[in-house]
Amino acid sequence: MAGRVDALYFFLVGLAAFFSLLIAGLIVYYAIRFKRKAPDSVGARIHGGLILEITWTVIPFLITMVIFVWGAVVFFAMSRPPDETLNIYVVGKQWMWKFQHLDGQREINELHVPVGRPVKLIMTSEDVIHDLFVPAFRIKADVIPGRYSHIWFEPTVAGRYHLFCAEYCGTRHSGMIGSVVVMEPEDYQAWLSGGVQEGSLASAGEKLFSDLACNTCHRPDAQGRGPVLHNLFGQSQVLLNGERVVVDEAYIRESILRPAAKITAGFQPVMPTFQGLVSEEGLLELIEYVKSLKVDVPAPVRPDTGGPKPGEATPARGSEAKK
Ligand code: CUA
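Residues numbered from 1 in each chain as written. Predicted model: local features only at pLDDT ≥ 70, side-chain atom pairs only at ≥ 80, totals over all residues. Heavy atoms only, no water.

1. A short note on the packing of helix H4 (residues 201-211) against helix H6 (residues 280-292)
Then, in step 1: Where H4 meets H6, the axes come as close as 7 Å, and the angle between the chain directions of the two elements is 100°. The orientation of H4 relative to H6 falls into the category roughly perpendicular. Residues Leu201, Ala202, Ala204, Gly205, Glu206, Leu208 and Phe209 of H4 form the contact with H6, whose own contacting residues are Gly282, Glu285, Leu286, Glu288, Tyr289 and Ser292.
Then, in step 2: Counted by class, the contact of H4 with H6 contains seven nonpolar, three polar and three charged residues. (Axes fitted to C-alpha atoms, helices over the stretch in contact; angles between N-to-C directions. Helix = DSSP H or I, 4+ residues; strand = E, 2+ residues; numbered from the N terminus. Parallel < 35°, antiparallel > 145°, perpendicular 65-115°, else oblique. Contact = heavy atoms within 4.5 Å. Nonpolar A, V, L, I, M, F, W, Y, C, P; charged D, E, K, R; others polar.)

2. Comments concerning the pattern of salt bridges
Then, in step 1: Tallying each qualifying case throughout the model produces 11 salt bridges.
Then, in step 2: Note that Asp6 and Arg138 form a salt bridge whose closest N and O atoms lie 2.7 Å from each other. Of the two residues, Asp6 is situated in helix H1 (residues 2-33) and Arg138 in the loop between strand S6 (130-134) and strand S7 (139-143); the sequence distance between them amounts to 132 residues.
Then, in step 3: Residue Arg138 is classed as partly exposed on the basis of its relative accessible area, which comes to 31%.
Then, in step 4: The salt bridge partner of Arg258 is Glu254, with a shortest N-O separation of 3.0 Å. (Salt bridge = Lys/Arg side-chain N within 4 Å of Asp/Glu carboxyl O. Buried < 20%, exposed > 50% of the residue type's maximum accessible area, 1.4 Å probe, protein only.)

3. Some details on the sheet that holds strand S10 (residues 178-183)
Then, in step 1: Taken in spatial order, the five strands line up as S4-S10-S9-S6-S7 in an open sheet, and their pairing is mixed. A strand with exactly one partner marks an edge of an open sheet, and here the two such strands are strand S4 (110-114) and S7. Across the sheet, the mean angle from the axis of one strand to that of its neighbour is 20°, orientation sign disregarded.
Then, in step 2: Note that strand S9 (residues 159-165) and S10 share five bridges and pair antiparallel. (Pairing = 2+ DSSP bridges.)

4. Section: the packing of aromatic side chains
Then, in step 1: Counting across every chain of the model gives 11 aromatic pairs.
Then, in step 2: Arranged with centres 5.6 Å apart and planes meeting at 65°, the rings of Tyr9 and Phe10 form a pair that is edge-to-face.
Then, in step 3: Judged by relative accessible area, which is 55%, Phe10 ranks as exposed.
Then, in step 4: Each ring, one from Tyr29 and one from Tyr30, has its centre 5.5 Å from the other, and the planes form 55°; the classification is tilted.
Then, in step 5: Put simply, the rings of Tyr29, Tyr30 and Phe34 pair up and form one aromatic cluster.
Then, in step 6: When the ring centre of Phe133 is taken as reference, the NZ or CZ atom of Lys140 above it lies at 4.8 Å.
Then, in step 7: For the cation-ring pair, Arg253 lies above Tyr148, with the distance from its terminal atom to the ring centre recorded as 5.6 Å. (Phe/Tyr/Trp six-rings, centres within 6.5 Å; stacked < 30°, edge-to-face > 60°. Lys NZ or Arg CZ within 6 Å of the ring centre and 35° of its normal.)

5. Regarding the sheet that holds strand S5 (residues 119-125)
Then, in step 1: Read from one edge to the other, the open sheet built from five strands follows the order S3-S2-S1-S5-S8, with strand pairing classed as mixed. The two strands at the open ends of the sheet, each matched to only one other strand, are strand S3 (106-108) and strand S8 (149-153). In this sheet, adjacent strand axes meet at a mean angle of 25° when their direction is disregarded.
Then, in step 2: Across six bridges, strand S1 (residues 86-93) lies against strand S2 (residues 96-101) in antiparallel orientation. In the strand pairing of S2, Ile88 is matched with His101.

6. Quick look at the confidence of the model for the chain
Then, in step 1: Averaged over all residues, the pLDDT of the chain equals 84, while 90% of them reach at least 70.
Then, in step 2: Counting interchain partners and residues more than four positions distant, the pLDDT-below-50 stretch residues 302-323 has 32 contacts. (pLDDT = per-residue confidence, 0-100.)

7. A look at the nonpolar core
Then, in step 1: Within the largest apolar cluster, 30 residues are counted, with the highest numbers of intra-cluster contacts made by Trp97, Leu121, Leu132 and Val180.
Then, in step 2: Among the elements that take part in this core, S10 stands out by supplying four residues, more than any other.
Then, in step 3: With residues near it in sequence (within four places) discarded, Val180 still touches Leu111, Val113, Val134, Phe137, Gly159, Arg160, Tyr161 and Leu163.
Then, in step 4: Counting residues in each nonpolar core, the second largest holds 25 residues, with Val247, Val278, Leu283 and Leu286 among its members. (Core = buried A, V, L, I, M, F, W, Y, C linked by side-chain atoms within 4.5 Å.)

8. Considering a nonpolar patch on the surface
Then, in step 1: Together, Leu50, Ile51, Ile54, Val58, Phe61, Leu62, Met65, Phe68, Val69 and Val73 make up an exposed nonpolar region whose accessible area comes to about 1000 Å².
Then, in step 2: As for its position among the elements, Val69 is in helix H2 (residues 50-79). (Patch = residues over 30% accessible without salt bridge, like charges linked within 9 Å, V, L, I, M, F, W, Y side chains within 5 Å. Areas by Shrake-Rupley, 256 points an atom, 1.4 Å probe, with all protein chains shown as cover.)

9. Structural notes on the state of the cysteines
Then, in step 1: All chains considered together, the criterion is met by zero disulfides.
Then, in step 2: In this model Cys217 remains outside any disulfide bridge; the closest cysteine sulfur is found in Cys214, 8.8 Å from its own.
Then, in step 3: Note on Cys217: relative accessible area 19%, which makes it buried. (Disulfide = S-S within 2.5 Å.)

10. Considerations on the pairing of S6
Then, in step 1: For S6, the tally of buried residues reaches four of five residues, placing the bulk of the element in the interior.
Then, in step 2: Summarising the sheet, S6 and S7 pair through five bridges and their orientation is antiparallel. By the bridge assignment for S7, Asp131 is matched with Asp142.
Then, in step 3: The antiparallel pairing of S6 with S7 creates a hairpin that spans four residues between the two strands, and Arg138 there sits at a positive phi of about 60°.

This is the structure:
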């Protein structure tokens, strides 16, 4: 994306430079050319000039349309990640960046990613507004408490790149820095397998799901007091008031923290709030767990949490379902 952003940027700089020089040059030229020669001389009266007026309206209009269309194309490309991305969760807090890989690796102020794969960051904040900025990738997005914001990038060259917080967030804002380490795919695989094995994010979510007793109401067999969560993520859901919502990260988060906000049609608002009981990381784990709930694909099962739950598909594959 950097090349495309730069091309637009340099076009704007070039355009501004061209018109600045043109206008400043003409001012100087006309000042000399039409200098008053005699003390009592008066300039000719001119009324209107249709061709001139149309010209100075149409040309700037066309130029601004070029800027608008070009800018919009780049903006859409930046804001729409490809379908297949490597998803990484980011939690900002005063004053550090926490990164969570789906396989369970956690990092602070350092993010390891492979070359050549689109990476999507799903970001939120634990306290105030931060802003993740990687100048080399030309990406920058606010990280906002209570919301999930997304940005994506595709690293093309291995190396270490600076990472900044670009929103004043308190005393040590300037120290809220880190780096993105882009690695060749094989080095990345080695790095992934070298870390502490904490289990995948989804399996941590599964454990939390039963620790919080969510599974007593959200049962996979449609007999519970809450909606079935299998195959739910990404679907559109009808609410009690007839509206529709798409089940995304933000909706799951809201349903955990403020369950009464959007009740699924056919259910009672009986779920208690989990505000204050689940950390931001816990929410991410629960979200990943809900995402992993598919009927056709066995849900990830953690060896140390016992067997599968009633009604849940028995894992067919022996190894941890990594997708
Ligand atoms: Cu976080 Cu500035």
